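A closer look at the structure
So you can see what is in the structure, the chains are spelled out below.
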Amino acid sequence: MAPPLPIAWFNGSFMPLADVRVSPLDRAFLFGDAVYEVIPVYGGEPFLLDPHLDRLERSLGEVRIGNPHSRAEWVALIRGLVQRNGGGNLAVYLQVSRGADTGRDHFFPAGHVRPTVFGMVTPISMQQPDPQGIRAITRPDQRWGRCDIKSTALLANVLAREEAREAGAGEVLLVRNGQLTEGSASSVIIVEAGVLVRRPAGPEVLPGTTTDAVFTIARQCGLTCRDEPISVERLQSADEIWIAAATRSIAPVTMLDGRPVGSGRPGPVWLKVSAAFDASKPGGASP
Ligand SMILES: Cc1ncc(COP(=O)(O)O)c(C=O)c1O
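Treat the numbers as computed from the prediction; the structure is a model and nothing was measured.

Close to the ligand lie 16 residues, the nearest being Arg55, Glu182, Thr209, Thr210 and Ala246. Interatomic distance of 2.6 Å between a side-chain N/O atom of Glu182 and a nitrogen atom of the ligand. Thr210 places a side-chain nitrogen or oxygen 2.5 Å from an oxygen atom of the ligand. The fraction of the free accessible surface of the ligand (390 Å²) that becomes covered by protein chains is 91%. At the level of elements, β9 (179-183), α5 (209-220) and β13 (240-245) are the ones that each hand at least two residues to the shell around the ligand.

In structure tokens form, the structure reads like this:
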């Protein structure tokens, strides 16, 4: 029997994903004029829901798209999508564009144009991370100057990610002016002598919900965590490198640009913190 069609949310209604019809004049399609959010769900229960909705509201505010829903409505929409798609482990994708006008013009449309709201679920990777860890490469960060906004305009990320795939790597770590910014679709944490370090928040990076939660848990485990700039040299000499993202949890990078990171195996700090992080998920879901 064919699997049931996934159920999406589109402008006020739940419907099969295959039935969603978006206008070619939608500003997400024409300009990438939209923001999005990805919320992990374990055992049918959203994880870190408030930080994700805080960030969605912030992204909308920064690009001046009126928030189409109250917090309670967003929560009901997310829970509705989870329930209609059978619960379990998945990721909820939400996107809000500035809407579809009657033509193509860079100016914001007139007040009657409503934001387009789209939501769907995607599978979440729950595989045990490769026991060898993942390979990463470094590349120049060619993105715009407001990477703190979770915008759908991701062309530079797409190109960098494809370069990583073609190089046989699982992620690309981006470098601007000799400093690490973040991964193409992840935050980065390094470990030096047992201390966790991530670069400070700012317009060059997305404030990661996963890294925030990881830092809280690592501190509860008695570890020191710092926000400090990370130069390429510092990255290259780190004992451990991790990437962190809602859909990937925390994964150890064991090869960087073809050279082993630390021992070349997932490190002891990652083993400890990732186990504590998995235990904090709804139902203590472990990969
Ligand atoms: C560019 C970028 N940075 C960081 C992250 C990590 O953010 P979060 O942990 O909230 O998923 C993501 C997630 O997709 C991302 O795309």
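The topology assignment puts Thr209 in helix α5. Among all residues touching Thr209, those that are not within four sequence positions of it are Leu48, Pro51, His52 and Arg55.

Next up on the list: helix α2 (residues 49-63). Taking 1.5 Å per residue as the helical rise, α2 with its 15 residues ought to reach 21 Å, and the 21 Å between its terminal C-alpha atoms agrees with that figure. Turning to α2, its buried residues are Leu49, His52, Leu53, Arg55, Leu56, Ser59, Leu60 and Val63. Buried residues in α2, looked at end-on, bunch into an arc of 160°, giving them a common side. Elements in contact with the buried residues of α2: β3 (34-42), β4 (45-46), α3 (71-84), β5 (90-97) and α5. Among the residues trailing α2, Arg64 stands out with phi positive, at a value near 60°.

Counted residue by residue, strand β10 (residues 187-192) has five buried out of six residues, so it is predominantly covered. In the sheet, β10 pairs with β13 via five bridges, with the strands oriented antiparallel. Opposite Val188, over in β13, you have Ile243 as the bridge partner. Pairing of β10 with strand β11 (residues 195-198), which is carried by three bridges, proceeds in the antiparallel orientation. By the bridge assignment, Val191 is partnered in β11 with Leu196. The hairpin formed by β10 and β11 contains two residues between the paired strands, and Ala193 there has a positive phi angle of roughly 45°.

Cut-offs applied
- Residues numbered from 1 in each chain as written.
- Predicted model: local features only at pLDDT ≥ 70, side-chain atom pairs only at ≥ 80, totals over all residues.
- Heavy atoms only, no water.
- Near = heavy atom within 4 Å.
- Polar contact = N/O pair within 3.5 Å; in protein donor to acceptor, adjacent residues only side chain to side chain.
- Areas by Shrake-Rupley, 256 points an atom, 1.4 Å probe, with all protein chains shown as cover.
- Helix = DSSP H or I, 4+ residues; strand = E, 2+ residues; numbered from the N terminus.
- Contact = heavy atoms within 4.5 Å.
- Expected span 1.5 Å × (residues − 1).
- Buried < 20%, exposed > 50% of the residue type's maximum accessible area, 1.4 Å probe, protein only.
- Arc of directions from axis to C-beta.
- Pairing = 2+ DSSP bridges.

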